[in-house]
Amino acid sequence: MITLGEGSTPLVEAPRLAARYGLDVRLKLELLNPTGSFKDRGMAVAVTRAAAAGARAVICASTGNTAASAAAYAARAGLRAIVLVPEGAVAGGKLAQARALGAVVLEVRGSFDQALTAARELGERGGFALVNSLNPDRIEGQSRAAHELVEELGAAPDAIALPYGGGGNTRAYYRGFVEAGRGLPRFVCGQASDRAGTVASAIRIAEPVHSEEVLDAVHETDGRLVELSDEELLGAWRLLAQEEGVFCEPASAAGVAALAHAGLAAGSRVVCVITGHGLKDTETAVRNAAPVVAVDPDPDAIAAAAG
Ligand SMILES: *Cc1c(COP(=O)(O)O)cnc(C)c1O
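Reference entry: report on the structure contained in this document. (Residues numbered from 1 in each chain as written. Predicted model: local features only at pLDDT ≥ 70, side-chain atom pairs only at ≥ 80, totals over all residues. Heavy atoms only, no water.)

**Quick word on helix 5 (residues 112–125)**
Phase 1 of the analysis: End to end, helix 5 covers 20 Å across 14 residues, agreeing with the expected 20 Å (1.5 Å per residue, within 8%).
Phase 2 of the analysis: All of the buried residues along helix 5 are F112, D113, A115, L116 and A119. Angularly, the buried residues of helix 5 cover 150° about the axis, an arc narrow enough to put them on a single face. Exposed residues pointing more than 90 degrees away from the buried face of helix 5 are listed as T117, E124 and R125.
Phase 3 of the analysis: Residues of helix 5 that are buried sit in contact with strand 3 (57–61), strand 4 (80–86), strand 5 (104–108) and strand 6 (129–130).
Phase 4 of the analysis: Downstream of helix 5 by one or two residues, G126 has phi in the positive range, about 90°. (Helix = DSSP H or I, 4+ residues; strand = E, 2+ residues; numbered from the N terminus. Expected span 1.5 Å × (residues − 1). Buried < 20%, exposed > 50% of the residue type's maximum accessible area, 1.4 Å probe, protein only. Arc of directions from axis to C-beta. Contact = heavy atoms within 4.5 Å.)

**What about the packing of aromatic side chains?**
Phase 1 of the analysis: Tallied over the full model, the rule gives three aromatic pairs.
Phase 2 of the analysis: Seen in terms of ring centroids, F177 and F187 are 6.3 Å apart; in terms of plane orientation they differ by 80°. Their pairing is edge-to-face. Of this pair, F177 sits in helix 7 (residues 168–180) while F187 is found in strand 8 (residues 186–192), placing the two residues 10 residues apart along the sequence. Side by side, F177 and F187 carry an identical accessibility label, which is buried.
Phase 3 of the analysis: Site record: aromatic cluster; members linked through ring pairs are Y173, Y174, F177 and F187.
Phase 4 of the analysis: Between R195 and the ring centre of Y164, over which it is positioned, the NZ or CZ distance is 4.5 Å. (Phe/Tyr/Trp six-rings, centres within 6.5 Å; stacked < 30°, edge-to-face > 60°. Lys NZ or Arg CZ within 6 Å of the ring centre and 35° of its normal.)

**As for the packing of helix 6 (residues 136–153) against helix 7**
Angle between the axes and distance between the axes: these two values describe a pair of packed helices.
Phase 1 of the analysis: Following both chains from N to C, one finds helix 6 and helix 7 inclined at 55°, their axes separated by 7 Å at the closest point. On the basis of the axis angle, helix 6 is oblique to helix 7. Where helix 6 crosses over helix 7, the two elements pack in a sense that is right-handed. Between helix 6 and helix 7, the residues in contact are I139, E140, Q142, S143, A145, A146, H147, L149 and V150 and G168, N169, R171, A172, Y173, R175, G176, F177, E179 and A180, respectively. (Axes fitted to C-alpha atoms, helices over the stretch in contact; angles between N-to-C directions. Parallel < 35°, antiparallel > 145°, perpendicular 65-115°, else oblique. Left-handed = near helix turned anticlockwise from the far one by under 90°.)

**As for the nonpolar core**
When a protein is soluble and globular, its nonpolar side chains tend to lie buried together.
Phase 1 of the analysis: Counting 39 residues, the largest nonpolar core has V25, L27, L240 and I274 as its most contacted members.
Phase 2 of the analysis: Those elements that provide at least two residues to this core are helix 1 (15–21), strand 2 (24–29), strand 7 (159–163), strand 8, strand 9 (224–228), helix 9 (230–244), helix 10 (254–259) and strand 10 (269–274).
Phase 3 of the analysis: A per-element tally of this core places helix 9 first, with six residues.
Phase 4 of the analysis: Ignoring anything within four residues of it in the chain, the contact list for I274 reads L27, K28, L29, E30, L31, L240, V246, C248, S252 and V256. (Core = buried A, V, L, I, M, F, W, Y, C linked by side-chain atoms within 4.5 Å.)

Such coordinate-based values are descriptive only and should not be taken to indicate function.
Structure, rendered in structure tokens:
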């Protein structure tokens, strides 16, 4: 098994969000996986199986986190990692990670969707194992998060709220809850209303490959597919940081942002999946946070500036 200790992430209460929404809100801190996103759960399985099958190189298209995760697990397995990222559209921390971990990082002059089409084609030609979520091993690994929640709570929560980019994670949770056999939560999936241009680069995906399965999960569980503006995403991102002390990347706040439109009964127990770490995207963080104030090393000046 190629592992870096992924999974077993904390599930913490969110008392201020709970009071704000009138719900029992818990946060599943998937940002605490080894490379800083939930992608590691699926990547561990995908890279283990690829290595066992004799692959020499893995390939993926990525909005950033899949690239960082593939790079880490490939390094661990002694495989090459080729990662295709849309030019100029990936957060700096993720690119730095993939490069530091030794991946071949190729900036594609095009969108994520075009990069994925090219990666699929190269996967089919052989020579590269595709480790996007089209690879069923990714879904299998990520489905363990639902099993973990059922173990922690004793049953499925009333609702699960998560960001919807390509939809692989939604599909994985749905499968995991079905397998666990302790009830199905209502699926509340938050997607960017401007999919192609959202500030939340991790979910900047115009054509989600798992859209049918996501719609099925939402309909079968009486859930909601919620469209979110950048203002709503950043608003929820700020609440998580400044009221709960959880610094995630903007896409990861989509589940929390979606709660405002989910129509859940008061007191419902909802788990929000916090998918990626805030340090991945410091550019967006500093653009949307209070400015730094310069002061002299003088106690009175500092006390005055502290307010
Ligand atoms: C990949 C990713 C998503 C979207 O997950 P999908 O499986 O594509 O729907 C959301 N948030 C973060 C931080 C991600 O890296």
